[in-house]
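Understanding the architecture of this molecule
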Protein chains: 2
Amino acid sequence: MGKAPTIADVARVAGVSVPTVSRVLTGAIPVSAKRRELVERAIAELGYQPNAAARALVSGTRSMVAVLAANTSRYGYAKTVEGIEEAARAAGYMVVITVVETAEQDAVRTAVAMVLSHSVAGVIVLDFDEPGHAAVTALPQTVPVVVAAAAPSRAVKLPRAYLADQRGAREATSYLLSLGHETVHHIALPSSGRRGGRTAGWSAALQAAGIRPPKHLHTTWDPLHAYELAKSLAADPSVTAVLAGNDEVAAAVLRAMTEQGRSVPGDVSVIGFDDQPIASLVTPALTTVAQDFAELGRQSFALLENSINGSAGQDTVSVRTQLVLRGSTGPRRN
Amino acid sequence: MGKAPTIADVARVAGVSVPTVSRVLTGAIPVSAKRRELVERAIAELGYQPNAAARALVSGTRSMVAVLAANTSRYGYAKTVEGIEEAARAAGYMVVITVVETAEQDAVRTAVAMVLSHSVAGVIVLDFDEPGHAAVTALPQTVPVVVAAAAPSRAVKLPRAYLADQRGAREATSYLLSLGHETVHHIALPSSGRRGGRTAGWSAALQAAGIRPPKHLHTTWDPLHAYELAKSLAADPSVTAVLAGNDEVAAAVLRAMTEQGRSVPGDVSVIGFDDQPIASLVTPALTTVAQDFAELGRQSFALLENSINGSAGQDTVSVRTQLVLRGSTGPRRN
DNA sequence: GAAACCAGTCCCATCTGTCTG
DNA sequence: GCAGACAGATGGGACTGGTTT
């Protein structure tokens, strides 16, 4: 394992002083064209790479941003991280991910401490669930923090990008009512427990139409659990329209309905959330509320960059959802 | 933004010297119980967190591992990263992710340089595709590298964990033949272009049965493209069994077949790859070759840890796949 | 426990050169 | 034409927060 060249090596080869090399590197202070040329040649010759650790130590120039999340592989989470990474890379930052498994104080504190000890430029927290929400409150004021979430918040005074999924749920529910359904049932995903979000939107749309929302069901992230719940809906003849927490849950509903002999969209209409790639491939193709998680990630990073640079910009950004009509919804029959 | 306490603050509060605190922290050199106690109390009182940058700078103690990947959100990729993160966190490492968008030299070099400048303890490359493969060859010998892949390799002399998907494809294909199908068609995902992998396994199984493999189709990662290809298979009456590159492609096949009026599994049998959550929710439920990507990630990290610690262990590990039988496969009819 | 050290940055002093009077 | 002033470029050395001799 050969050792990497240092700035001193570059200075020696170029025949200039160490600070001069540093000035060429950081670009802030002017250097004569002649020496700059010399230095650049030496850098290329040696294949010199500045040492990020030393740089972070002395100047606080941080080149990493951290993402705190309860999960990194589920569709929405992974897509958001992807958006963050894309924007971060374009801005010259690396992304370090830290999973906060549970909302327990120990887990949260460990994760936060880990992140802080690595002198990151900023932190983006995926406040999609309990662990994420716990992480938001556990982070100190000493580092720029941005929240990526599924709802606005008055309680937390931090820059925030969020998916307007409450509105999306409202629109989807209203759409189902406009098809003649007398009510809309709902299977909710685990969430951070705060108000707002899909369930609130669904409930609001029903109430606006003078309909008392039926009791909604709570699924875990395991689609098989959602499937069990869906079977109970399928067995209930009063159920003619279902708003599912995401596309996987919607697929579970589709399956449960079909097995029960109820046709979709003939007997029952189903709407999902996310517009995952699979949404257009199931049969019937899913009507769904598309959510641009990658955009959420990019916007979150943009907010973080503002915060890092101290350039106060808008500090709450929402990302719109869009109702995509496919084959799983239709007019109420009989 | 308050400033973080340093080791000197701890030393002052504890009434000991700076090196003593350092000794307590690293744990290598013995410290009297009394002073250790004093130091630990001071650390707790101040909420002191060692500065990872300073530590990496002086002692080469690296606490980050990098993951190089072409993508982070698709199922297999995201699950592998999740497994890496889980194992890394347990071992006290953070994970930084870097996306290598294309196999172009510039993109690869930039990504590699970025990783190297951050003094990571090691690198895991997801060699699932062209960009990943390019990254493997672009990394210098100066840092421990482990490859996570979908096939073994004789060419690359690096520790490697791989999914035995060639074997999985062989078993799946043989299973279809055992159901009476005269041949098996195949839609392949983009891959790194090297031999091995699913397509090779499929082809081997057919040849072993004395069957000349039909021309296989190449899809992109876009499921809609797979759907177009699937339609051409659906239109061909000689197609009675399909091995799809992954579950999304399989779902596309299911849909295309159904639209064409060919029943699954009555007229056509379909097998997917991965066992994504959705596999059991589509109709019919997918028979699929389950791949434990998270385990692949964990194994990769274990290899990396060996390499970092210099403890030479086994340097090639394979993760077995498993054929999961569900409703999309059945005996050849007529 | 004192002192050296890791790889950088940055303050400050020095030096050069040009402009002014 | 020459001293003095001043701006810009450059190098010396202290400093960052730890670890190790």
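Sequence positions are assigned chain by chain, starting from 1 and proceeding in written order. For this description, chains carry letters from A and ligands carry numbers from 1, given in the order in which they are written. Per-residue local features of the predicted model are confined to residues with pLDDT of at least 70, and side-chain atom pairs are confined, for both listing and counting, to 80 or more; whole-chain, interface and lining totals are unaffected and use all residues. Values shown for side chains rest on all heavy atoms present in the structure; no hydrogens or waters enter the calculation.

Looking now at empty space enclosed by the protein. The definitions used throughout rest on a 1 Å grid laid over the protein atoms alone, on which a cavity is an enclosed set of points accommodating a 1.4 Å probe that cannot get out and a pocket is an open set flanked by protein within 12 Å on both sides along at least five of seven lines; lining residues are those having an atom within 4 Å of a point. Grid points are joined across faces, edges and corners, and a volume is the space filled by probe spheres set on the points. Considering all chains together, one arrives at three cavities of 30 Å³ or more under this definition. Here the largest cavity defines a volume of roughly 210 Å³. Ala53, Met64 and His118 of chain A together with Ala53 and Met64 of chain B are, among the 18 residues lining the largest cavity, the residues nearest its centre. Estimated volume of the second largest cavity: approximately 90 Å³. Along its surface, the second largest cavity is lined by Ala251, Leu254, Arg255, Leu281, Val282 and Thr283 of chain A together with Ala251, Leu254, Leu281, Val282 and Thr283 of chain B. Strands here are runs of E lasting at least two residues and helices are runs of H or I lasting at least four, both read from the DSSP assignment and numbered beginning at the N terminus. Those elements giving two or more residues to the lining of the second largest cavity turn out to be helix H11 (247-259) of chain A together with helix H11 (247-259) of chain B.

One heavy atom within 4 Å of a molecule or strand makes the whole residue count as near it. Near DNA strand D there are 26 residues, and of these Arg23, Ser32 and Arg35 of chain A together with Ile7 and Ser22 of chain B occur at the shortest range. Counting only the atoms of DNA strand D within 4 Å of the protein, the fraction contributed by sugar and phosphate is 63%. A 3.5 Å cut-off defines polar contacts: any pair of N or O atoms within that distance qualifies, except that in protein one atom must be a possible hydrogen donor and the other a possible acceptor, and neighbouring residues in sequence count only when both atoms are side-chain atoms. In this structure, a phosphate oxygen belonging to DNA strand D sits 2.8 Å away from a side-chain N or O atom of serine 17 of chain A. Between a phosphate oxygen of DNA strand D and a side-chain N or O atom of serine 32 of chain A, the distance comes to 2.7 Å. Secondary structure elements with two or more residues in the surface near DNA strand D: helix H2 (18-26) and helix H4 (52-59) of chain A together with helix H2 (18-26) and helix H4 (52-59) of chain B. Gly is placed with the polar residues, together with every amino acid not listed as nonpolar (Ala, Val, Leu, Ile, Met, Phe, Trp, Tyr, Cys and Pro) or charged (Asp, Glu, Lys and Arg). Here the residues of the surface near DNA strand D are counted per class, giving 13 nonpolar, nine polar and four charged.

Bringing the sheet that holds strand E4 (residues 145-149) of chain B into the picture now. The 12 strands lie next to each other as E11(A)-E5(A)-E4(A)-E3(A)-E1(A)-E2(A)-E2(B)-E1(B)-E3(B)-E4(B)-E5(B)-E11(B), forming an open sheet whose pairing is mixed. At either end of the open sheet lies a strand with only one pairing partner, and these are strand E11 (316-319) of chain A together with strand E11 (316-319) of chain B. Ignoring which end each strand starts from, the neighbouring axes of this sheet average 20° apart. Direction of pairing for strand E1 (residues 64-69) of chain B relative to strand E2 (residues 94-99) of chain B: parallel, over a ladder of six bridges. Across the sheet, residue leucine 68 of chain B finds its bridge partner in E2 of chain B, namely threonine 98 of chain B. One requirement defines pairing of two strands: DSSP has to find at least two bridges between them. In this analysis an axis means a line fitted to C-alpha atoms, helices contributing only their contacting stretch, and an angle means the value between N-to-C directions, from 0 to 180 degrees.

Residue and element names in this part refer to chain A. By the secondary structure assignment, serine 300 is in helix H12 (residues 293-309). Relative accessible area decides the class of each residue, using a 1.4 Å probe on protein chains only: under 20% of the type maximum gives buried, over 50% gives exposed, and in between gives partly exposed. The exposure class of serine 300 is buried, given its relative accessible area of 0%. Sequence-distant contacts of serine 300, defined by excluding residues within four places in its chain, comprise Ile124, Val146, Ala148 and Ala161. The contact definition used throughout considers only heavy atoms, calling two residues in contact when any of these lie within 4.5 Å.

The subject of this paragraph is the UniProt feature "domain: HTH lacI-type" (unreviewed entry) in chain A. If you check UniProt for "domain: HTH lacI-type" (unreviewed entry), the listed places come out as residues 5-59 of chain A in our numbering. Secondary structure content for residues 5-59 of chain A is 71% helix and 0% strand, and the end C-alpha separation is 20 Å. UniProt positions are given in the numbering used here, feature names are shortened, and annotations may be inferred rather than shown by experiment.

Taken together, 20 residues are adjacent to DNA strand C, and Ile7, Ser22 and Val58 of chain A together with Ser17 and Arg23 of chain B come closest. A breakdown of the atoms of DNA strand C within 4 Å of the protein gives sugar and phosphate a share of 65%. In this structure, a sugar or linking oxygen belonging to DNA strand C sits 3.0 Å away from a side-chain N or O atom of tyrosine 48 of chain A. A distance of 3.2 Å is found between a phosphate oxygen of DNA strand C and a backbone nitrogen or oxygen belonging to asparagine 51 of chain A. Put simply, the parts of the chain that give the surface near DNA strand C at least two residues each are H2 and H4 of chain A together with H2 and H4 of chain B. In terms of residue class, the surface near DNA strand C is built from 10 nonpolar, eight polar and two charged.

A pairing counts as a salt bridge when a side-chain nitrogen of Lys or Arg comes within 4 Å of a carboxyl oxygen of Asp or Glu. A full pass over the atoms with the stated rule returns 26 salt bridges over all chains. The partner of aspartate 9 of chain B in a salt bridge is arginine 12 of chain B, and the shortest N-O contact between them spans 2.8 Å. Of this pair, aspartate 9 of chain B and arginine 12 of chain B are both found in helix H1 (residues 7-14), three residues apart, which corresponds to roughly one turn of the helix. What makes aspartate 9 of chain B partly exposed here is its relative accessible area of 22%. Put simply, arginine 41 of chain B and glutamate 37 of chain B hold a salt bridge, and the shortest N to O gap is 3.2 Å. Placement of both arginine 41 of chain B and glutamate 37 of chain B in helix H3 (residues 33-46) is noted, with a separation of four residues, approximately one turn of the helix. Within this structure, Glu85 and Arg89 of chain A together with Glu101 of chain B form a network of salt bridges that share partners.

What follows deals with the relation of the copies chain B and chain A. Of the transformation superimposing chain B on chain A, the axial component is 0.1 Å and the angular component is 180°, with the fit at an RMSD of 0.2 Å. What the superposition gives is, in effect, a two-fold axis relating one chain to the other. Both copies share a contact surface, since 100% of the interface residues of chain B are interface residues in chain A too. Copy-to-copy alignment: least squares on C-alpha atoms, limited to residues at pLDDT 70 or above in both.

Domain ranges listed in this record stem from an automatic or a database domain assignment. Assigned domains of chain A: these are domain 1 (7-50), domain 2 (64-163 + 293-319) and domain 3 (165-292). Here domain 1 of chain A and domain 3 of chain A have C-alpha centroids that lie 61 Å from each other.

Residue and element names in this part refer to chain B. Along the polypeptide, glutamate 305 turns up in helix H12 (residues 293-309). On the accessibility criterion, glutamate 305 (27% relative accessible area) is partly exposed. For the pair glutamate 305 and glutamine 207, spaced 98 residues apart in sequence, the C-alpha to C-alpha distance is 40 Å.

All names here are of chain B. Over its 14 residues, helix H8 (residues 165-178) runs 19 Å from end to end, which matches the ideal 20 Å to within 8%, given 1.5 Å per residue. Listing the buried residues of H8 in full gives Asp165, Gly168, Ala169, Ala172, Thr173, Leu176 and Leu177. Elements in contact with the buried residues of H8: strand E5 (160-163), helix H9 (198-208), strand E8 (241-244), strand E9 (269-274), strand E10 (287-290) and strand E12 (322-324). Here the expected span of a helix is defined as 1.5 Å times the quantity of residues minus one.

Looking now at the sheet that holds E8 of chain B. Residues and elements named next belong to chain B. Taken in spatial order, the six strands line up as E7-E6-E8-E9-E10-E12 in an open sheet, and their pairing is mixed. Bordering the open sheet on either side are strand E7 (217-218) and E12, each of which pairs with just one other strand. Where E10 meets E12, three bridges bridge the pair, whose relative direction is antiparallel. In the strand pairing of E12, alanine 290 is matched with glutamine 322. Taken strand by strand, H11 contacts strand E6 (185-188), E8, E9 and E10, and its axis lies near 160° from that of E9.

Before going further, it helps to spend a moment on the packing of H2 of chain B against H3 of chain B. All names here are of chain B. Across the interface, H2 lies against H3 with an axial gap of 10 Å and an inter-helix angle of 85°. Relative to H3, H2 is oriented roughly perpendicular. Contacts between H2 and H3 involve Val21, Val24 and Leu25 from the former and Arg36, Val39, Glu40 and Ile43 from the latter. In the contact of H2 with H3, the residues fall into five nonpolar, no polar and two charged. Relative orientations are named as follows: roughly parallel for angles under 35 degrees, roughly antiparallel for angles over 145 degrees, roughly perpendicular for angles from 65 to 115 degrees, and oblique for any other angle.

As a further point, take the interface of chain B and chain A. Across the contact, 55 residues belong to chain B and 55 residues belong to chain A. Buried area: the accessible area, evaluated with a 1.4 Å probe, that two parts lose upon being put together, summed over both parts. The contact between chain B and chain A buries some 4,600 Å² in all, and 65% of this surface belongs to carbon and sulfur atoms. Interface area lost by chain B to chain A is led by Met94, Arg255 and Leu281 of chain B, which between them contribute 15%. The interface formed by chain B and chain A includes two salt bridges. Among the salt bridges present, the one from arginine 89 of chain A reaches glutamate 101 of chain B, with a minimum N-O distance of 3.3 Å. Among the elements of the structure, H4, helix H5 (75-90), E2, helix H6 (105-117), helix H10 (223-234) and H11 of chain B are those that each provide at least two residues to the side of chain B that touches chain A. Looking at the side of chain B that touches chain A, its residues break down into 32 nonpolar, 16 polar and seven charged. In this sheet, E2 of chain B lies alongside strand E2 (residues 94-99) of chain A in antiparallel orientation, the contact comprising three bridges. Its bridge partner being in E2 of chain B, isoleucine 97 of chain A is matched across the sheet by valine 95 of chain B.

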